[in-house]
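Residues per chain are reported as follows:
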Amino acid sequence: MTRKKETILLCVSGGIAAFKAAALTSKLAQQGFDVHVLMTENAQRFVTPLTFQALSRNAVHTDTFDEPDSTSIAHIDLADRADLVIVAPATANVIGKLANGIADDVVSTTILATKAPVWVAPAMNVNMYNHPAVQNNLEQLRRMNVKLLEPGEGLLACGWIGKGRLAEPEVIADAVLRHFEAGKDQPLRGQKFLVTAGPTQEKIDPVRYFSNHSSGKMGYALAKAAAARGAEVTLVSGPSELPPPAGVKVVRVTSAAEMYEQVVERFAAQDAVIKAAAVADYRPKRTFSEKFKKGGGEWVVEMERTQDILAELGARKKDQVLVGFAAETNDVQRHASEKLRKKNLDFIVVNDISQQGSGFRTDTNQVTVVSREGEAAQWPLLSKDEVAERIVDEVYERLKRRRSK
């Protein structure tokens with residue numbers, strides 16, 4: 001593709017995820033960016049500079065005092081030329097340096113000297129990531145307007161399972177492309193969005209739970225679309241295997257009660273809430289701390305209602321734009337209109353999950369959008385990314401009209 005050659009500094013620090021930085025370098029170069037790689041000493045223990053040189057077609061910078069051109073100071077020249085700086089992977093060590101103004105290598109000295117936006121993609125052991133010192137440093141970076149690219153969860157190289165995996169190269173590269181495509185045209189800059197996604201799991205015993213077929217694809221697409229338009233996005237996600245969207249703060253929950261707590265706590269500070277999660281309406285009234293053993297007869301599980309998150313938000317709503325979702329199999333528009341009215345929504349997105357290509361675990365959706373003004377628009381079968389973009393555009397229009405009053 002042909003594009004202006006924006007300059008990206010990719011700073012690689014010493015973690016096993018450095019091999020993913022090579023894939024990221026390749027993707028960014030293929031997108032037409034001028035990529036310059038800076039490596040810490042420890043990063044070179046995992047991947048050689050030659051690898052990054054071959055992928056970026058630029059010299060790799062490893063030493064603050066290496067000055068190939070006597071007419072300029074190399075790391076200052078790089079800092080001045082940068083349009084964006086990405087630290088990936090960012091170890092606990094480099095995060096601590098950046099948060100506290102320590103400059104003792106080519107990466108930290110260059111970042112302190114740049115006026116370009118800085119993005120940090122943490123990658124480390126789950127216990128290191130959750131350590132109070134690391135979390136304090138991450139919070140300090142947020143206060144310094146550094147964008148954090150949320151790490152993923154799963155099996156880590158150290159053998160632990162948890163949060164700490166470097167954001168996937170595809171996710172970071174996509175965020176970079178959107179960042180430059182949007183440029184200053186980010187209509188939702190300064191707006192706070194909260195999106196819910198995925199299923200909930202309602203525990204019966206240590207090995208069983210009630211849940212549903214939601215994958216979280218629609219909610220994750222919505223969070224991604226809102227962030228691309230400049231919004232500050234919090235994604236409250238039930239269990240999902242999807243990688244977190246770049247630039248989005250992800251809050252992980254399991255049960256309906258946990259989602260209720262996290263969403264209601266944050267609601268007052270939001271400009272818009274899009275509740276795309278498939279939250280359980282019922283949960284087992286009785287749970288067991290040990291596995292329930294099968295007997296000779298039937299097992300009847302008595303269920304009780306969970307708290308209705310959307311109804312609670314509707315009751316608390318002031319100036320927020322509140323959007324709900326409904327998955328139906330019959331009388332689609334009637335059920336959606338009733339839900340919209342009862343829960344004080346601005347509009348509701350309803351899909352007939354009995355239709356092919358619509359509903360859970362698909363990459364497409366065919367929805368009807370019903371507004372509080374009584375209008376109903378049926379959209380054609382679209383990718384979930386396209387549906388998300390249209391929904392976020394509709395939220396933007398409502399926010400704009402409210403600001404103009």
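Rules of the game
- Residues take numbers from 1 onward in each chain, read along the sequence in its written order.
- Where local features are concerned, this predicted model is filtered to residues with pLDDT of at least 70; where side-chain atom pairs are given and counted, the filter is 80 or more; whole-chain, interface and lining totals use all residues.
- For the side-chain quantities, the full set of heavy atoms in the structure was used; hydrogens and water were omitted.
- Each Phe, Tyr or Trp ring, with Trp reduced to its six-membered ring, pairs with another whose centre is within 6.5 Å; inter-plane angles below 30 degrees give stacked pairs, above 60 give edge-to-face pairs, and intermediate values give tilted ones.
- Helix and strand assignments follow DSSP, with helices taken as H or I runs no shorter than four residues and strands as E runs no shorter than two, numbered in order from the N terminus.
- Burial classes: relative accessible area under 20% of the type maximum marks a residue as buried, over 50% as exposed, and values in between as partly exposed (1.4 Å probe, protein chains only).
- Criterion used throughout: strands pair if DSSP finds at least two bridges between them.
- In what follows, a contact means two residues having at least one pair of non-hydrogen atoms within 4.5 Å.
- Axis geometry follows a simple rule: fit a line to the C-alpha atoms, using only the stretch in contact for helices, then measure angles between N-to-C directions, giving values from 0 to 180 degrees.
- Working definition of a nonpolar core: buried Ala, Val, Leu, Ile, Met, Phe, Trp, Tyr and Cys residues. They are joined through side-chain atoms within 4.5 Å.
- Whenever a nitrogen or oxygen atom comes within 3.5 Å of another N or O atom, the pair is scored as a polar contact, on the condition that within protein one atom can donate a hydrogen and the other can accept it, and that pairs from neighbouring residues in sequence are kept only if both atoms are in side chains.
- Only protein atoms enter the 1 Å grid used here, on which a cavity is any set of points holding a 1.4 Å probe that cannot leave and a pocket is any open set flanked by protein within 12 Å on both sides along at least five of seven lines; residues with an atom within 4 Å of a point are listed as lining.
- Grid points are joined across faces, edges and corners, and a volume is the space filled by probe spheres set on the points.
- Throughout this entry, Asp, Glu, Lys and Arg are counted as charged residues, while Ala, Val, Leu, Ile, Met, Phe, Trp, Tyr, Cys and Pro are counted as nonpolar. The remaining residues, Gly among them, count as polar.
- To estimate how far a helix should extend, the number of its residues minus one is multiplied by 1.5 Å.

What follows deals with the packing of aromatic side chains. Applying the stated criterion across every chain yields a total of four aromatic pairs. Judged by centre distance (5.4 Å) and plane angle (45°), the rings of Phe33 and Phe180 are tilted. A residue pair is termed long-range when its members are at least 10 positions apart, and Phe33 in the loop between α1 (18-30) and β2 (34-39) and Phe180 in helix α8 (residues 169-182) qualify at 147 residues. Each member of the pair Phe33 and Phe180 is classed as buried. An aromatic cluster is present here, built from Phe288, Phe292 and Trp299 joined pairwise through their rings.

With five of its five residues buried, strand β4 (residues 118-122) lies for the most part within the structure. Where burial is concerned, the two faces of β4 agree: the one with Val118, Val120 and Pro122 and the one with Trp119 and Ala121 are both buried. Alignment of β4 against strand β5 (residues 147-148), held across two bridges, turns out to be parallel. By the bridge assignment for β5, Val120 is matched with Leu148.

The next point concerns the sheet that holds β5. Within a beta sheet, neighbouring strands are joined by backbone hydrogen bonds and run either parallel or antiparallel to one another. Read from one edge to the other, the open sheet built from five strands follows the order β2-β1-β3-β4-β5, with strand pairing classed as parallel. A strand with exactly one partner marks an edge of an open sheet, and here the two such strands are β2 and β5. Relative to the sheet, helix α4 (residues 92-100) contacts β3 (84-90) and β4, its axis offset from that of β3 by approximately 140°. Sheet strands in contact with helix α5 (residues 106-113) are β1 (7-12), β2, β3 and β4, and its direction is about 130° off that of β2.

A general tendency of soluble globular proteins is for nonpolar side chains to be buried together. Judged by nonpolar contacts, the single largest core of 36 residues is most densely connected at Phe193, Leu222, Val233, Ile274, Ile391 and Val395. Residue assignment for this core shows that the elements contributing at least two residues are β8 (192-197), α9 (217-228), β11 (232-237), β13 (272-275), β16 (321-328), β17 (347-352), β19 (367-371) and α13 (384-404). The element that contributes the greatest number of residues to this core is α9, accounting for eight residues.

Quick look at the sheet that holds β16 now. Pairing is mixed across the open sheet formed by eight strands, whose spatial order is β12-β11-β8-β13-β16-β17-β19-β20. Edge positions in the sheet fall to β12 (249-252) and β20 (376-378), since each of these pairs with one other strand and no more. Going from strand to strand, the sheet's axes swing by 15° on average, the running direction of each strand aside. Where β8 meets β11, six bridges bridge the pair, whose relative direction is parallel. Note on β11: the bridge partner recorded for Thr196 is Val236. Contacts between α13 and the sheet are confined to β8, β13, β16, β17 and β19, with β16 contributing the most and set at about 150° to the helix.

The next point concerns the side chain of Ser108. Here Ser108 is to be found in helix α5. Overall, Ser108 belongs to the buried group, its relative accessible area being 0%. Within the local environment of Ser108, its side chain forms a polar contact with the backbone nitrogen of Asp104, the two atoms lying 3.0 Å apart.

What follows covers the layout of surface pockets. Empty space within the largest pocket amounts to approximately 1500 Å³. Along the wall of the largest pocket there are 50 residues; nearest its centre are Lys147, Ala227, Ala246, Gly247 and Val248. Those elements that place two or more of their residues in the lining of the largest pocket are β4, β5, α8, α9, β11 and α13. Sort the elements by how many residues they give to the lining of the largest pocket and α8 lands first, with seven residues. In this model, the second largest pocket occupies a volume close to 860 Å³. Looking at the second largest pocket, it is lined by 40 residues, and the ones nearest its centre are Ala277, Ala278, Val279, Phe325 and Lys339. Looking at side-chain class alone, the lining of the second largest pocket contains 16 nonpolar, 13 polar and eleven charged residues.

Bringing α9 into the picture now. An ideal rise of 1.5 Å per residue puts 16 Å on twelve residues; α9 measures up with 16 Å between its terminal C-alpha atoms. With ten of twelve residues buried, α9 is to be regarded as a mostly interior element. In the segment just after α9, Gly230 is the residue with positive phi, at about 100°.

Coordinates in, geometry out; function isn't part of it.
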